[in-house]
Amino acid sequence: MIASADPQSRLRPGRYRIALAIIALIVVALVVSSILNYVYLDSIPGRTSLYGLLAVVLIAFGTFILVNAYNRDPAMRRKSLIRASVLIGLGALLWLLVIDVFLFTQSAGPAVAALCALACLPTTAFALVVVRRMDRNHKEPWRLVLVAAAWGAIVATSLVVWGETVWEQSAQHALVPGPGLDTSLAFMAGILEELSKGIAVLLLFLVMRNEFDDVVDGIVYGAAVGLGFNYLESISYMTNIYSIFAPEGAGGVAAGVQWYGRQVLGLFFGHATYTAFIGAGVGIARQLPSMRKKVIAIAAGFIVAIAGHFAWDAWAALFPVDTTIFVIVEIHLRTLILEGPFTAALIALLIFGIRYEGQNLREQLHKEAATGLGAILPEEVPILTSPWQRLKQRLHALNRQGVRAYFKVSRLQTAQLDLAMERWHRERKELDTPLEAEQRLRERVIQLRHWVPAA
Amino acid sequence: MSTRPAPTSYDHLRVLYRTLLVLATVSAVILSIGLVQFAYFEPIGENTGATATIVGVYKYNSTTGQIEGSDRSEFPREGEFAAKVDWSSLPSNLVVDARWYDSFGTLRGQVGPATPADLADKSLVPVLVPEGYHFVLPGRYTFVVERLRNNLPVEVLGRRFVRVDRT
């Protein structure tokens, strides 16, 4: 019989059931909201929502197959990857078509929409690279970081359309225009947008717990979801503002200001920070021993995210911004004062999490080296615990043996850190995979070591 | 190998957990301030039962200061428009005003505040073209007739929505 790290864990089947229930709810919500949008709103977003439904379902289903592909044996993995690629590809193409034809084309034209999308691509890509590199001890796989960003961009944005439209229309029909209405709309954005983004983080945690190790991973995935959401929101605002100001000859400037505000100044401050807090809550919950504390941690992450989002939407307009040259200083100050404290708190959590993770990985690397099983050698421990030493080792391989050697050493280092991470979780009884999984990781490291040329 | 988490590790996790709880507490305070702010600007029990009669929204000629044509809910971008209010439909003891807001929530025209009797000769409330622009901005415009208390709008007595086309 294969021993499990936590033989009494009943969480695993529960996790999958919760994940399936959430996915089913999302699909139902999307279908209902799309039909209601189409029937009652008959607006451009309403039509986009309905026609884009198939694209959203294709992408959701494709990403689910993709993340699960790596849990299968290599023979099945290839088949799953092909299926996932076809579904995601079809979904993405359909989505772009829907967006181009029914949304942006009608407001600003396809050329402007394409330009806006292109303008936001390098900044968002840069931010994703930075966010992924923040996890300096144990980087997350690109496929999951990109899946998180895609969910933020496509599924989360689609989820909020109906809810926000209903809230906004009801508020505009019932409340006094001015600060009261603005406060209500700030609550709307904070609650609905953070819930829709947070669901993506929660699903990643439920379905891919093996790749969701701690608070640092939560922050990375949460920020990736936020960056994806910010990407699509930026395109939407840029095209909309362009179409409003273009007849006055100021469309390009207006879109440019939006781009700067959302893709430069607010790139890490806005959605990325808010959703990273949800990820932090889920990441901390991942390692907490009791269910009660897990629920509290996840709820706490959501509350911080909602409050951060609310504070910006409700109070940004109260910050004095005049029409003189000082406006440049003032808009930067406004972001720094209103969003800076949240981002600073998140960075503090991140730094603390990285140190916590680093200490434990070091401890596990030492313990594994002491076993003498050969997966980790004592002289490798100082290298594996330092990102700079690891990079130095890879560059050394690159200089001596070329690019292939660089990637082989990289794979070896990743497998060694995976092993240390597995040991850490097993020691803390945070795993429900059998002990055999750890032995398999060890064998993989030894196998990779044979392939790596002597450095 | 020990099956229990190392004590130092657990302490680190506890610090992270408690830090998150502190942040959540601060966030709950922020959200509570938001609720108080909402309650201040949207006070409960401010319903007089009075209703303002908005006769309609019409094409407006800013040169003559007159309205033209019939009541409409959609206007082309280059067209100016104004709402017509029957101030006599309101009790004379109220302090009221009428305002236009554009889709950004920016004030784009106003008469008042004053009593309905004082506003009798100001039945037309035109939308103003923003300074430095040739036309009004497209989008959804909201026209409201409001009751004020201590210079603060507390009740909407009448409301109309108008769409200005992008082209």
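Calculation criteria
Residues numbered from 1 in each chain as written. Chains lettered and ligands numbered in written order. Predicted model: local features only at pLDDT ≥ 70, side-chain atom pairs only at ≥ 80, totals over all residues. Domains from an automatic or database assignment. Nonpolar A, V, L, I, M, F, W, Y, C, P; charged D, E, K, R; others polar. pLDDT = per-residue confidence, 0-100. Contact = placed C-beta atoms within 7 Å. Helix = DSSP H or I, 4+ residues; strand = E, 2+ residues; numbered from the N terminus. Axes fitted to C-alpha atoms, helices over the stretch in contact; angles between N-to-C directions. Parallel < 35°, antiparallel > 145°, perpendicular 65-115°, else oblique. Left-handed = near helix turned anticlockwise from the far one by under 90°. Pairing = 2+ DSSP bridges. Core = buried A, V, L, I, M, F, W, Y, C linked by C-beta atoms within 7 Å. Buried ≥ 20, exposed ≤ 12 C-beta atoms within 10 Å, placed from the backbone.

**Here's the deal with the domain arrangement of chain B**
Reasoning step 1: The domain architecture assigned to chain B consists of domain 1 (1-42) and domain 2 (53-164).
Reasoning step 2: On a C-alpha basis, the centroid separation for the pair domain 1 of chain B and domain 2 of chain B is 47 Å.

**Some thoughts on the domain arrangement of chain A**
In many reports, interface size means the accessible area that the parts give up when they come together.
Reasoning step 1: Annotation of chain A at the domain level lists domain 1 (110-356) and domain 2 (372-451).
Reasoning step 2: Here the residues of the side of domain 1 of chain A that touches domain 2 of chain A are counted per class, giving no nonpolar, 4 polar and 2 charged.

**Side note on the confidence of the model for chain B**
All names here are of chain B.
Reasoning step 1: Per-residue confidence for chain B gives a mean pLDDT of 86; residues scoring 70 or more make up 93%.
Reasoning step 2: Counted against residues more than four places away or in other chains, residues 1-9, with its pLDDT under 50, gives 8 contacts.
Reasoning step 3: Model confidence for the complex is summarised by a pTM of 0.82, with the ipTM given as 0.84.

**Some thoughts on the interface of chain A and chain B**
Reasoning step 1: Contacts between chain A and chain B engage 44 residues on the former and 40 residues on the latter.
Reasoning step 2: Of all elements in the fold, only α7 (179-207), α8 (215-245), α10 (271-287), α11 (291-315) and α12 (327-371) of chain A reach the threshold of two or more residues within the side of chain A that touches chain B.
Reasoning step 3: The greatest single-element share of the side of chain A that touches chain B, amounting to 11 residues, is contributed by α11 of chain A.
Reasoning step 4: Taken together, the residues that form the side of chain A that touches chain B break down as 25 nonpolar, 12 polar and 7 charged.

**Notes on the packing of helix α5 (residues 110-134) of chain A against α8 of chain A**
Residues and elements named next belong to chain A.
Reasoning step 1: It is at 9 Å that the axes of α5 and α8 come closest, and there the two elements cross at 160°. In terms of orientation, α5 and α8 fall into the roughly antiparallel class. Note on packing geometry: the crossing formed by α5 with α8 is right-handed. Contact with α5, carried on its side by Val112, Ala113, Cys116, Ala117, Cys120, Thr124, Ala127, Leu128, Val131, Arg132 and Met134, involves Val220, Ala223, Ala224, Leu227, Tyr231, Ser234, Ile235, Met238, Thr239 and Tyr242 of α8 and no other residues of that element.
Reasoning step 2: Class assignment for the residues of the contact of α5 with α8 results in 17 nonpolar, 3 polar and 1 charged.

**A short note on the sheet that holds strand β1 (residues 53-61) of chain B**
Residues and elements named next belong to chain B.
Reasoning step 1: Taking strand neighbours across the sheet as the criterion, the 4 strands line up as β2-β1-β4-β7 in an open arrangement whose pairing is antiparallel. Edge positions in the sheet fall to β2 (66-68) and β7 (124-126), since each has one partner strand and no second. Strand-to-strand twist of the sheet, defined as the mean angle between neighbouring strand axes without regard to direction, takes the value 50°.
Reasoning step 2: In the sheet, β1 pairs with β2 via 3 bridges, with the strands oriented antiparallel. Counterpart to Tyr60 in the pairing with β2 is Ile67.

**Side note on the sheet that holds strand β8 (residues 139-149) of chain B**
All names here are of chain B.
Reasoning step 1: The strand order across the open sheet formed by 5 strands is β3-β9-β8-β5-β6, and the pairing between neighbours is mixed. Every interior strand has two partners, whereas the edge strands, β3 (74-75) and β6 (107-114), have only one.
Reasoning step 2: Sheet topology places strand β5 (residues 96-101) next to β6; 4 bridges connect them, and they run antiparallel. Following the sheet pairing, Ala98 is matched in β6 by Val111.

**Considerations on the nonpolar core**
Residue and element names in this part refer to chain A.
Reasoning step 1: Formed by 137 residues in total, the largest nonpolar core has its most connected members in Ala148, Ala200, Leu204, Ile219, Ala224 and Val225.
Reasoning step 2: It is α8 that provides the largest number of residues to this core, a total of 17 residues.
Reasoning step 3: What Val225 contacts, discounting residues up to four positions off in sequence, is Ala148, Ala149, Trp151, Gly152, Ala156, Lys197, Ala200, Val201 and Thr275.
Reasoning step 4: Residues Leu361, Ile376, Val409 and Met421 belong to the second largest nonpolar core, which totals 15 residues.

**Some points on the pairing of β8 of chain B**
All names here are of chain B.
Reasoning step 1: Pairing analysis gives 6 bridges linking β5 to β8, with the strands arranged antiparallel. For Ala98, the partnering residue across the bridge sits in β8 and is Val145.
Reasoning step 2: Alignment of β8 against strand β9 (residues 152-164), held across 11 bridges, turns out to be antiparallel. Residue pairing across strands places Phe143 opposite Arg160, the latter belonging to β9.

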